[in-house]
Amino acid sequence: MFEATSINHHNDQVQLRYKIVFGVMLVILIIPVVAILFTLIAKGSHAMSWPFLFDDPKDGMTAGGIFPAIFGTIWLVVVSLLASVPLGVAAAIYLSEYAPDNLLTRLINLATINLAGVPSIVHALFGVGAFVVFFKFGTSILAASLTLAIMTLPVVIVSSWESLQSVPRAFREACWNMGATRWQTIWHVVLPNAFTGILTGVILQVSRAAGETAPIMFTGAAMFLPFLPNSVFDQTMALALHLFVVATQVPDVPESLPFGVALVLVGIVLLMNTVAIWIRMHLRGKKKW
Amino acid sequence: MATASDARDKNWFIDKFFQSLMFVCGISAIVFVVGIFLFVFKEGLGFIVNDLNVAEFFFSPKWRPTSLHQPTYGILAMVAGTAAVTVLAMAICLPFSIGAAIFIAEFATGKTREILKILIEFLAAIPSVVWGFIALSIMNPLIITTFEVPMGLGVLNSALILALMAAPIVTSIAEDAFKAVPDTYREAAEALGATRWQTIHKVVLPAAKNGLLSAGLLGVGRGFGETMAILMASGHSINIPTSVFDSFRALTATIAAELGETAVGSPHYQSLFAIGIFLFFITFLINMTADFIVRGVKKG
Amino acid sequence: MVSTAHNKIEVQDLSIHYGAHKALGNVSLTVRKNEIFGIIGPANSGKTSFLNAVNRMDMMRPNMNVSGTVRIDGIETRSWRNVYALRRKIGVVFPLPVGLPLTVYDNVALAPRLAGTAGSRADLNELVERCLRRAALWDEVKDRLTHLGSLLSGGQQQRLTIARALSQSPEILMLDEFSIAVDPVTTMRIEDVLKELKEEVTIILVTNLVQQANRLADRTAFFLNGECVEIDDTETLFSGSAKDPRTNDYIGGKFG
């Protein structure tokens, strides 16, 4: 008896030790996030002001604001969403609601995985070859946004598919049994109940698209433009590329400027993530069945 | 009889229409993967036909596409640099990510688990260019002062950044692999008197082996494909690295740095697309292998 | 030959397989217009599969294979050009209640809306109320029509499912062990409704309660292990004069 408890005690200690080791490993991964955030805030907050957010860059981008870059990023993200969300959600609907278990479906899944794994710079090459040169969109918001859209498409497909799959099959069966067509079932019952999940995925995709640099740098984003874009056939500045430019290409930039740009970019991205997480938690709190 | 009771009505046609539409969108992923290959191949074809010397391309460390007298197109140095960084990054990333995944999957519960996962998600959300900027502005001086070397950009810096970038995806795939191990395994082990660690070590880790392998492979794929961060963290000089402090140049970064300066259709422009084809195949291979391994697990 | 005009459903040599597993083999039977046709038998005897085949739900299930013919009003169901129109004629109630995550009102109004037969708001209100009353649910939910149907209690959801099946104004009503999730008093009320409904619709009642078949069904079939053992007038079957000893044993409570 005494023997046994002592072994248990020993085991508890061993277990605690392992728990601490793995916990420390996790913390080592998390420390950088926190450290990066604090550094960006510490060094970037000097640059932060209304004029910084709402003025044009000045003096060869060593001073002034970053408004055209913020504005351009919004353009790029919105246009890419217009392309990728309908396409990605529809593809997810096909895979979740229609696709039979056959070779083609297997190929689609493989293609989706591969599309997600293609390096961003190869997406950029595709954008140049297809949209800029072949379809003659030139370097434009349209070409850049479509490149972004294809790059983020797998994320939309996978997250939408997961949301659609989370709607119980019994709901579909109930609808089919009352004579609803497949599409009516999808439109009236499945989609409304998968909506929050799909929305979460879309918001995460916004955050990803906003941060991408490689796919847009040769397809539509410009280092510096003295005017704002008027249509999707114009070039535009973008926040992510602007950070690259002020950090590497422009001499004599005050230190706070690139930190300010990075802070704005990370701020936008993390805000989007927080919104998505909030929606997900809110969804979990509100049971519908 | 005006209309038979089995007549196709408006709803029937709407249903058929949407079924076709969803199908067309459904195969879009295939269309795009094939499209990416075809368009990148099309632009690079001229180089492959006219200028490519296979031995030089793969075995020469000299990348001098702009040389007037004798342009050379060797990617050996870049492949070596990319491979070195990827290997080092994985060596750093895998133990920590798997450790973190074990903690999240086997030890953490409830709120702690939620918060940890959110923080890992935040790590994944930081854009590539911001990582590059961190490499340049924070890590670079840090490495210079810590190791007393003249330059902090290079293999070590890139590998650390890449390890952090790959950590969230490796962690989450590893966590999935652990979760996929049936609870009955754990219960059986614990019923035999195994401690939690013994259970993990003897039962959960072996069962999750393939999942972990594919997590590692995806990390490697990420390493080969990463562009902006490596462009900024590597120092970007063409060089087969011999020490972790050496500067190097990645395949991806070469495209990113040079494409803007080339004329459409020139051999230099085409050679960059040829690198793109190479990257496409490498990542294709890695992803297929990773997927194959994971699926092997699910079937077995 | 009996004139087919009296037959609502004619089933011939119906076999159902799920992959290699045989769920039902060589069943032939007819269901007459405006009768309650009972199907009894222990679990896994193919009763539910039979209903799914009548409804052509095999279309939605890649691994469900149906052979043989099912005729409704003399037309073979496989040759129906618009399978959705076929299903609209058939209301189905399954054993596990499914309240859709819509309001109680919308649950009942969904079928007519989707079919495009909803009519005016007042008509629809009246239809919803009538269906809910018939399903013995109206009094409990009349003040909660805007609540989610999926959050009602199990018994209420089952009656909601019945109301929904009625809202299609079906010609055929198929009930599969509807009383599993409902209390005995409500079961009796619904049974009374079914007796009334017989005037308008043809009812197939799959039940695990042999006495329920005895109370309601005009004729009854006994399914066992994917085989239709016997079909006869309920009275004959339950008076102990069944031809097959297994039927007598089952009805007598010797197994099941």
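Novice: Tell me about the overall build of chain A, and name the residues and values.
Specialist: Secondary structure assignment for chain A yields eleven helices and two strands. Of the regular secondary structure in chain A, the N- to C-terminal order runs α-α-β-β-α-α-α-α-α-α-α-α-α. Scaling as 2.2 N^0.38, a compact globule of 289 residues should have a C-alpha radius of gyration of about 19 Å, whereas chain A reaches 24 Å, well beyond that. Over its C-alpha atoms, taken along the principal directions, chain A stretches across nearly 75 × 65 × 35 Å.

Novice: Describe the interface of chain A and chain B, and please don't skip the residues or the numbers.
Specialist: The interface is formed by 75 residues belonging to chain A together with 78 residues belonging to chain B. In terms of surface lost to chain B, no three residues of chain A exceed Phe 22, Leu 29 and Leu 125 of chain A, which account for 10% of the buried area on that side. Linking chain A with chain B are two salt bridges, by the criterion used here. Ionic pairing is found between Asp 291 of chain B and Arg 106 of chain A, a salt bridge with its closest N-O pair at 3.9 Å. Considering each element in turn, the side of chain A that touches chain B owes the most residues, 16 residues, to helix α1 (residues 2-44) of chain A. Here the side of chain A that touches chain B is built from residues that sort into 53 nonpolar, 17 polar and five charged.

Novice: I'd like to hear about unusual backbone geometry, residue by residue, with values.
Specialist: Residue and element names in this part refer to chain C. With a phi close to 60°, Arg 56 is a non-glycine residue in the positive phi region. Position of Arg 56 relative to the elements: it lies in the loop between α1 (47-54) and β4 (64-72). Phi is positive for Ala 136, close to 60°, though the residue is something other than glycine. Relative to the helices and strands, Ala 136 resides in the loop between α4 (121-134) and α5 (138-141).

Novice: How would you sum up the pairing of strand β7 (residues 172-176) of chain C? Please name residues and give values.
Specialist: Residues and elements named next belong to chain C. With five of its five residues buried, β7 lies for the most part within the structure. Neither face of β7 is open: one carries Ile 172, Met 174 and Asp 176, the other Leu 173 and Leu 175, and all of them are buried. Inspection of the sheet shows β7 paired to strand β8 (residues 202-207) by five bridges, in the parallel sense. Residue Met 174 lies in a different strand from β8, and its bridge partner there is Ile 204. Once the chain exits β7 it traverses helix α7 (residues 184-197) before rejoining the sheet at β8, and the crossover so formed is right-handed.

Novice: Describe the confidence of the model for chain B, listing the residues and the values that go with them.
Specialist: Of all residues in chain B, 97% attain a pLDDT of 70 or more, and the chain-wide mean is 89. Among the scores for the predicted complex, ipTM is 0.90 and pTM is 0.90.

Novice: Go over helix α10 (residues 209-225) of chain B, please, and point to the residues and values.
Specialist: Between the first and last C-alpha of α10 of chain B there are 24 Å, a value that for 17 residues agrees with the 24 Å anticipated at 1.5 Å per step. Taken together, the buried positions of α10 of chain B are occupied by Gly 211, Leu 212, Ser 214, Ala 215, Gly 216, Gly 219, Gly 221, Gly 223, Phe 224 and Gly 225 of chain B.

Novice: Can you lay out the nonpolar core for me, pointing to particular residues and giving the numbers?
Specialist: Counting residues in each nonpolar core, the largest one holds 184 residues, and the members touching the most others are Trp 131, Phe 178 and Ile 275 of chain B together with Leu 100 of chain C. If we skip the residues at most four places from it in the chain, Leu 100 of chain C touches Phe 171, Ala 174, Cys 175, Met 178 and Val 189 of chain A together with Asn 107, Leu 110, Gly 149, Ser 150 and Arg 164 of chain C. One finds Val 104, Val 128, Trp 138 and Leu 173 of chain C within the second-largest nonpolar core, a separate group that totals 36 residues.

Novice: Account for the environment of Ala 180 of chain B, naming residues and giving values.
Specialist: All names here are of chain B. Counting through the fold element by element, Ala 180 comes out in helix α7 (residues 155-180). For Ala 180, a relative accessible area of 59% translates into the label exposed. Distance in space between the C-alpha atoms of Ala 180 and Ala 55 is 45 Å, their sequence separation being 125 residues.

Novice: Help me get a handle on the interface of chain C and chain A, residues and values and all.
Specialist: Chain C puts 24 residues into the contact, and the matching count from chain A is 20 residues. Summed over both partners, the interface of chain C with chain A comes to about 1,900 Å²; 65% of that surface belongs to carbon and sulfur atoms. When the buried area of chain C at its contact with chain A is split by residue, Met 60, Pro 101 and Leu 114 of chain C rank highest and sum to 31% of it. Along the contact surface separating chain C from chain A lie one salt bridge. Across the pair Arg 61 of chain C and Glu 173 of chain A runs a salt bridge whose closest N-O atoms are separated by 2.3 Å. At the boundary of chain C and chain A, one finds three residue pairs in polar contact (both at pLDDT 80 or more). When contributions to the side of chain C that touches chain A are tallied by element, the ones reaching two or more residues are α2 (83-88), β6 (90-93) and α3 (104-115) of chain C. Broken down by class, the residue content of the side of chain C that touches chain A amounts to 16 nonpolar, four polar and four charged.

Novice: Lay out helix α9 (residues 196-207) of chain B with the relevant residues and their values.
Specialist: Among the residues of α9 of chain B, Trp 197, Thr 199, Ile 200 and Val 204 of chain B are the ones counted as buried. The arc that holds every buried residue of α9 of chain B, seen down its axis, measures 135°, which confines them to one face.

Novice: Explain the sheet that holds strand β3 (residues 36-40) of chain C to me, using residue names and the numbers behind them.
Specialist: What links the strands of a sheet is backbone hydrogen bonding, and the strands pair in either a parallel or an antiparallel sense. All names here are of chain C. If you walk across this open sheet you meet the six strands as β6-β7-β8-β3-β9-β10, and the pairing is mixed. The open sheet is flanked by β6 and β10 (227-233), the only strands paired with a single partner. Here the average twist between neighbouring strands, direction ignored, is 15°. Of the pairings in the sheet, the one linking β3 to β8 comprises five bridges and is parallel in character. Paired with Ile 39 across the bridge in β8 is Val 206. Of the strands in this sheet, β6 and β7 touch helix α6 (residues 154-167), which is tilted by about 175° from β6.

Novice: Now, about the pattern of salt bridges: what can you tell me, with residues and values included?
Specialist: Scanning the model with the defined rule gives 35 salt bridges over all chains in all. Here Lys 117 of chain B ties to Glu 175 of chain B by a salt bridge, and the two come within 3.3 Å at their closest N and O atoms. Taken together, the positions of Lys 117 of chain B in helix α5 (residues 110-125) and Glu 175 of chain B in helix α7 put the pair 58 residues apart, joining distant regions of the chain. You can call Lys 117 of chain B partly exposed: its relative accessible area is 31%. For Glu 175 of chain B, a relative accessible area of 4% puts it in the buried group. Note that Arg 113 of chain C and Asp 106 of chain C form a salt bridge whose closest N and O atoms lie 2.8 Å from each other. When its relative accessible area of 36% is taken as the criterion, Arg 113 of chain C is described as partly exposed. By sharing partners, the salt bridges in this structure join Arg 113, Lys 117, Glu 175 and Lys 179 of chain B into a single network.

Parameters and conventions
- Residues numbered from 1 in each chain as written.
- Chains lettered and ligands numbered in written order.
- Predicted model: local features only at pLDDT ≥ 70, side-chain atom pairs only at ≥ 80, totals over all residues.
- Heavy atoms only, no water.
- Helix = DSSP H or I, 4+ residues; strand = E, 2+ residues; numbered from the N terminus.
- Rg over C-alpha atoms; globule rule 2.2 N^0.38 Å.
- Contact = heavy atoms within 4.5 Å.
- Buried area = accessible area lost by both parts, 1.4 Å probe.
- Salt bridge = Lys/Arg side-chain N within 4 Å of Asp/Glu carboxyl O.
- Nonpolar A, V, L, I, M, F, W, Y, C, P; charged D, E, K, R; others polar.
- Buried < 20%, exposed > 50% of the residue type's maximum accessible area, 1.4 Å probe, protein only.
- Pairing = 2+ DSSP bridges.
- Right-handed = clockwise from strand over helix to strand, strands pointing away.
- pLDDT = per-residue confidence, 0-100.
- Expected span 1.5 Å × (residues − 1).
- Core = buried A, V, L, I, M, F, W, Y, C linked by side-chain atoms within 4.5 Å.
- Polar contact = N/O pair within 3.5 Å; in protein donor to acceptor, adjacent residues only side chain to side chain.
- Arc of directions from axis to C-beta.
- Axes fitted to C-alpha atoms, helices over the stretch in contact; angles between N-to-C directions.

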